[in-house]
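What the coordinates show
Residue strings, one per chain:
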Amino acid sequence: MTTNFLDGRVIVAVGDITEQDTHAIVNAANSTLLGGGGVDDAIHGKGGRAIYDECLKIRQTVYPGGLPTGKAVITPGGDLKARFVIHTVGPVYGMNGGRDAELLADCYFNSLALAAEKNLRSVAFPSISTGAFHYPKHEAARISSRAINDFLDLDDIVSEVRLVFFSESDARMFLKHQNFIAGPKTA
Ligand code: AR6
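Below: a short report on this structure. (Residues numbered from 1 in each chain as written. Predicted model: local features only at pLDDT ≥ 70, side-chain atom pairs only at ≥ 80, totals over all residues. Heavy atoms only, no water.)

For the rest of this paragraph, the subject is the environment of Ser31. Mapped onto the elements, Ser31 comes out in the loop between β3 (24–29) and α1 (38–47). A relative accessible area of 35% means that Ser31 is categorised as partly exposed. Linking Ser31 and Phe180, residues 149 residues apart in sequence, is a C-alpha distance of 29 Å. Those residues within four positions of Ser31 in sequence are excluded, and the remaining contacts are Arg59, Gly66, Leu67 and Val89. (Helix = DSSP H or I, 4+ residues; strand = E, 2+ residues; numbered from the N terminus. Buried < 20%, exposed > 50% of the residue type's maximum accessible area, 1.4 Å probe, protein only. Contact = heavy atoms within 4.5 Å.)

Structure, rendered in structure tokens:
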């Protein structure tokens, strides 16, 4: 079963982010850009050296101090089905002086803006910050859906945003708490 929102431009799915065949997938990275656990480890593991090498180059040039929370950068997808990986750093919950929601929204908005800038029409996201960074899943649902809605209202490049949850229960939690302007359609 898939559920979609905003005339099919947003699709909610259960699966593995590394297996998505969208033009880009998003990595829930940390500021080092050089790997970690969870989604980050899975993407670097399957995508291979090309991703790491480009991340290293980004660290050596534009972001020597690390990628700030809420920002996004793009690398090739290496051996992944997706041609590109957009790396964003979610907020560590409770560690941002009350700016957690703003920073999580920035992750989604800036990742989509980067995709549109590169003319990439389909983008798959994992549920950023809801693993090792401990963002409550119901709050993340509300914030991410509204940020995606805000972006798509302004954009006509991105035609598919695929939200990939690792379990049925995570997808159900998202569907219960999402805050898209228009209601869901189930097929
Ligand atoms: N496909 C889809 N979703 C997944 C997958 C997968 N293969 N694996 C885990 N998830 P996390 P964060 C879900 O911890 O919270 C890393 O060490 C998972 O159930 O990957 O943003 C980085 O290097 C959870 O709901 O990302 C950073 O240091 C969600 O993806 C830090 O963790 C995000 O979990 C980032 O933490």
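Moving on to the site of the ligand. Inspection of the region around the ligand gives 19 residues, with Gly37, Asp40, Ser129, Thr130 and Gly131 positioned closest. In isolation the ligand offers 710 Å² of accessible surface; the protein chains occlude 88% of this area. In a pocket analysis with a 2 Å cut-off to the grid points, the ligand is assigned to the largest pocket. Every element with two or more residues in the shell around the ligand is listed here: β3 and α1. The dominant element in the shell around the ligand, judged by the number of residues it contributes, is α1, at three residues. In terms of residue class, the shell around the ligand is made up of eight nonpolar, nine polar and two charged. (Near = heavy atom within 4 Å. Areas by Shrake-Rupley, 256 points an atom, 1.4 Å probe, with all protein chains shown as cover. 1 Å grid on protein atoms, 1.4 Å probe; cavity = no way out; pocket = protein on both sides within 12 Å on 5 of 7 lines; lining within 4 Å. Sits in = over half its atoms within 2 Å of the grid points. Nonpolar A, V, L, I, M, F, W, Y, C, P; charged D, E, K, R; others polar.)

Evaluated as defined, the whole model comprises ten salt bridges. Close ionic contact of Lys46 with Asp16 constitutes a salt bridge, the shortest N to O distance being 3.7 Å. Taken as a pair, Lys46 in helix α1 and Asp16 in the loop between β2 (10–14) and β3 lie far apart in primary sequence, 30 residues in all. The closest approach of N and O atoms between Arg162 and Glu160, which form a salt bridge, is 2.7 Å. Taking relative accessible area as the criterion, Arg162 reaches 15% and is therefore assigned buried. (Salt bridge = Lys/Arg side-chain N within 4 Å of Asp/Glu carboxyl O.)

This paragraph deals with unusual backbone geometry. Positive phi, normally seen in glycine, also occurs at Leu33, with a value near 65°. As for its position among the elements, Leu33 is in the loop between β3 and α1. Positioned with a positive phi, Asn119 is a non-glycine residue whose angle comes to about 65°. With respect to the helices and strands, Asn119 occurs in the loop between α3 (100–117) and β6 (122–125). Residue classification places Asn119 among the exposed positions, given a relative accessible area of 51%.

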